[in-house]
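Chain by chain, the residues:
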Amino acid sequence: MAELNPYIPFLSEITEVIKHTEIEYTFRMTYTGDVKPGQFFEVSLPKFGEAPISVSGIGDGTVDLTIRKVGKVTDEIFENYVGDTLFLRGPYGNGFDIENYKGKEILLVAGGTGLSPVKGIVDYFSAHPDDCKSFTLLVGFKSPKDMLFKKDFEEWEKNIKVVLTVDYPDDDYSGNCGLVTHYIPELLVKDLKEAVGIVVGPPVMMKCVISDLLAKGFFEENLWISQERKMCCGIGKCGHCKIDDTYICLDGPVFNYTKGKFLKD
Amino acid sequence: MGYQTTAAKMNTIFADLSKDYLIYAPKRYVGDGTFVHIDTIRYGEITDLSEIEFAEKSNYSFKEVLLPISETLFYFTENEMKEADAPKKGAIVFLRSCDLHGLKRMDTIYLENGAVDTYYKRLRDNTKFILMGCESSFENCFCVSMGTQTSDDYDAYLKVTGETVLVDSHWDALDAALAGATPASVIPDSVTANETVVTIPETVPQTLFDDPFWEDYGNRCIACGRCNFVCPTCTCFTMQDIFYTDNGKAGERRRVWASCHIDGYTDMAGGHAFRNDKGQRMRFKVLHKVNDYKRRFGTHMCIGCGRCDDVCPEYISFANCINKLNTLVNDTAKEEN
Ligand SMILES: Cc1cc2nc3c(=O)[nH]c(=O)nc-3n(C[C@H](O)[C@H](O)[C@H](O)COP(=O)(O)OP(=O)(O)OC[C@H]3O[C@@H](n4cnc5c(N)ncnc54)[C@H](O)[C@@H]3O)c2cc1C
Ligand code: SF4
Ligand code: SF4
Ligand code: FES
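Quantities reported herein were computed from a predicted structural model and do not represent experimental measurements.

**Things to note about the sheet that holds strand β12 (residues 251-257) of chain B**
Residues and elements named next belong to chain B.
Phase 1: Across the sheet, four strands lie side by side as β5-β4-β12-β11; this open sheet has antiparallel pairing. Each edge of the open sheet carries a strand with a single partner, namely β5 (80-83) and β11 (237-243). This sheet shows a mean twist of 25 degrees between the axes of neighbouring strands, independent of strand direction.
Phase 2: Bridging between β11 and β12 involves seven bridges; their strand directions are antiparallel. Directly across from Met239, in β12, lies its bridge partner Arg255.

Below is the structure:
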């Protein structure tokens, strides 16, 4: 057998489980090999099926998968992860290339679980703040209960500018409220020709944020997005993720906006 | 090499080859069609040339030989995966010129677009293709418009006229078996014109994606997916896990044919879906066949076999759609000037 069978998953050990909310946990999985933020693995559970999950963190011999419990496969992961292992295949997709952002003013806008695929970028620049001119993280969650990566925020706030907001505050909450778009006008950008915007979240959120950033004067070629579509293979075969001549699983999920704006389902 | 031989001789050769190959060809299944009391012609195993339906177009294509309707990828227990065995024998497939071009489209997706597909490759590598000629065009064919009416890319060409068989072989094993047969100059029958002619617009601007043009299809299409299933160039699938009830821990993962016309094709968790409108699904399919596939891979995906038009229970014509779309594209361009 010359080529490896790309459909057969491998076993990966769960080294740690970080619980963010009732339905969102990060599973730290053993993995050695090249991997980039924004790439994804197919979590592949015999009997239940597969779910594409973004890499939400990259460690020494590990990758983080932050999983939201929403259905057949993900329910099973939450209920039975005590098994200590998960089957994975991947990583797939292009992912974000940190090199594209080095030396620039970076504005990263994420909505909810959209933070997962870009978290590796935040981690990197939080650890290497000198590698960019400035880094602003603008994140919105539905409510304080939905916040992910609380521990990481504490760390990030030491090194980069963080603006955190929630749509629906509760009684104990004292921070920013409202949609992320509310906070875009007040962000100062020194050099719009160079400034990079990275935007990931639900489709409507991405649309609004992109339009605000363009209005603010960001250049299309400096904006980056990540797309989610149904995926059954992750390797350009099953067809489900295709939009026009683009396979999201192969050519994406990360797109420069000059290309991303033409993706019409 | 070209040869003239007899059906009896060919049948002995095939009997011999059947030690190593399963032989697939279009066969007539009586009273089994889409419409009541109509036969269906689809692929099945044969042992004798007389079983092959040469006179009519097959309703289904050969693709199921390389991409079974449901294919087991691997067997699993809780902690182990075992790749499903490949068939012990190779395959010999009888097919027409357009379908041979269809094979290239399948190759492109399964061997070139991303990782090599293990399951496709292992079948493909052990399959021989035998061309069946076309003396005249069938209904709804538009191979000439698509440039697929001839192909040299066969392992053999076979023409059966009563007891006489003409063979053009590109296959050493067959040449060896036919040593001693009368040499002949054999050129595959092919058509030079079809009644159906399509003109494909060079580019389809994105502004036409949600043109009212597609609404008519939205109203008529019942999302049955038959057009996809008969199409030799439709290659999509969905994964399916099956487990054996007598042992809840063991089971298998399969892939099964999927259709971009059928509900659920784009469904994601949380109820997100794209192209809920059936007209938009038609647009997605049509532009994949004659627009975006070419932009990505250099040739049109559609090979002009007309099977989608033959099968549609709502009498939706893909060929008409292309022509009407071409008119729409031209009219829109004129308006803009
Ligand atoms: C590139 C990419 C990255 C993603 N990253 C994350 C992440 O980091 N964290 C996270 O929680 N979720 C992520 N998702 C979404 C996640 O894949 C779905 O929530 C998950 O597939 C749901 O599976 P389920 O069986 O639990 O849900 P169900 O709703 O029960 O799904 C049933 C079936 O629908 C199909 N299905 C549903 N949604 C999808 C989908 N998006 N893609 C393919 N098939 C689907 C599957 O075949 C699944 O078995 C990502 C999706 C994509 C495409
Ligand atoms: S789209 Fe229709 S005519 Fe074209 S290859 Fe498929 S079935 Fe044949
Ligand atoms: S176009 Fe015709 S064959 Fe295809 S899904 Fe619609 S009704 Fe079925
Ligand atoms: S996920 Fe199957 S083709 Fe992209």
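Having seen the structure, we can now continue with the description.
**Focus: the site of ligand 3**
Phase 1: Near ligand 3 you find Cys221, Ile222, Ala223, Cys224, Gly225, Cys227, His261, Cys312, Pro313, Glu314 and Ile316 of chain B, and these make up its full shell.
Phase 2: Residue composition of the shell around ligand 3, by class: eight nonpolar, two polar and one charged.

**Section: the packing of aromatic side chains**
Phase 1: Overall, the coordinates contain 23 aromatic pairs over all chains when judged by the stated rule.
Phase 2: Seen from their ring centres, Phe27 of chain A and Phe78 of chain A are 5.8 Å apart, and the 75 degrees between their planes marks the pair as edge-to-face. Taken together, the residues span a long stretch of sequence, with Phe27 of chain A in strand β2 (residues 24-30) and Phe78 of chain A in helix α1 (residues 72-80) at a distance of 51 residues. Taken individually, Phe27 of chain A and Phe78 of chain A each receive the classification buried, so the pair is uniform in this respect.
Phase 3: Sitting over the face of the ring of Phe243 of chain B, Lys47 of chain A holds its NZ or CZ atom 5.1 Å from the ring centroid.
Phase 4: Above the plane of the ring of Phe237 of chain B lies Arg255 of chain B, whose end atom (NZ or CZ) is 4.9 Å from the centre.

**Side note on the UniProt feature "binding site: [2Fe-2S] cluster" (unreviewed entry) in chain A**
Phase 1: The feature "binding site: [2Fe-2S] cluster" (unreviewed entry), as given by UniProt, occupies Cys233, Cys238, Cys241 and Cys249 of chain A in the numbering adopted here. Across 17 residues of sequence, these annotated residues stay compact in space, with a maximum C-alpha separation of 10.2 Å.
Phase 2: Of note, Cys233 of chain A is situated in the loop between β12 (223-226) and β13 (242-243).
Phase 3: Residue classification places Cys233 of chain A among the buried positions, given a relative accessible area of 1%.
Phase 4: In contact with Cys233 of chain A, other than residues within four places in its own chain, are Tyr7, Glu42, Arg89, Tyr92 and Cys238 of chain A together with Phe237 of chain B.
Phase 5: Within the secondary structure, Cys241 of chain A is located in the loop between β12 and β13.
Phase 6: Overall, Cys241 of chain A belongs to the buried group, its relative accessible area being 2%.
Phase 7: Other than its neighbours up to four places away in sequence, Cys241 of chain A contacts Arg229, Lys230, Met231, Thr246, Tyr247, Ile248 and Cys249 of chain A.

**As for the nonpolar core**
Phase 1: Leu138 of chain A together with Phe62 of chain B are the most contacted members of the largest nonpolar core, which totals 65 residues.
Phase 2: The next biggest cluster of nonpolar side chains, apart from the first, holds 31 residues, and it includes Tyr101, Leu115, Phe135 and Met147 of chain A.

**Examining the pairing of strand β5 (residues 62-68) of chain A**
Residues and elements named next belong to chain A.
Phase 1: Across the seven residues of β5, six count as buried, placing the element largely inside the fold.
Phase 2: Two strands pair when backbone bridges link them, and β2 and β5 are joined in this way by seven bridges, in the antiparallel orientation. Each residue of the ladder has a partner; that of Phe27, found in β5, is Leu65.
Phase 3: Relative to β5, strand β4 (residues 49-58) is paired through three bridges, and the arrangement is antiparallel. Residue pairing in the sheet places Val55 in a bridge with Leu65 of β5.
Phase 4: Connecting the antiparallel pair β4 and β5 is a turn made up of three residues, with Gly61 showing a positive phi of about 75 degrees.

Conventions we followed
- Residues numbered from 1 in each chain as written.
- Chains lettered and ligands numbered in written order.
- Predicted model: local features only at pLDDT ≥ 70, side-chain atom pairs only at ≥ 80, totals over all residues.
- Heavy atoms only, no water.
- Pairing = 2+ DSSP bridges.
- Helix = DSSP H or I, 4+ residues; strand = E, 2+ residues; numbered from the N terminus.
- Axes fitted to C-alpha atoms, helices over the stretch in contact; angles between N-to-C directions.
- Near = heavy atom within 4 Å.
- Nonpolar A, V, L, I, M, F, W, Y, C, P; charged D, E, K, R; others polar.
- Phe/Tyr/Trp six-rings, centres within 6.5 Å; stacked < 30°, edge-to-face > 60°.
- Buried < 20%, exposed > 50% of the residue type's maximum accessible area, 1.4 Å probe, protein only.
- Lys NZ or Arg CZ within 6 Å of the ring centre and 35° of its normal.
- UniProt positions renumbered as here; feature names shortened; annotations may be inferred.
- Contact = heavy atoms within 4.5 Å.
- Core = buried A, V, L, I, M, F, W, Y, C linked by side-chain atoms within 4.5 Å.

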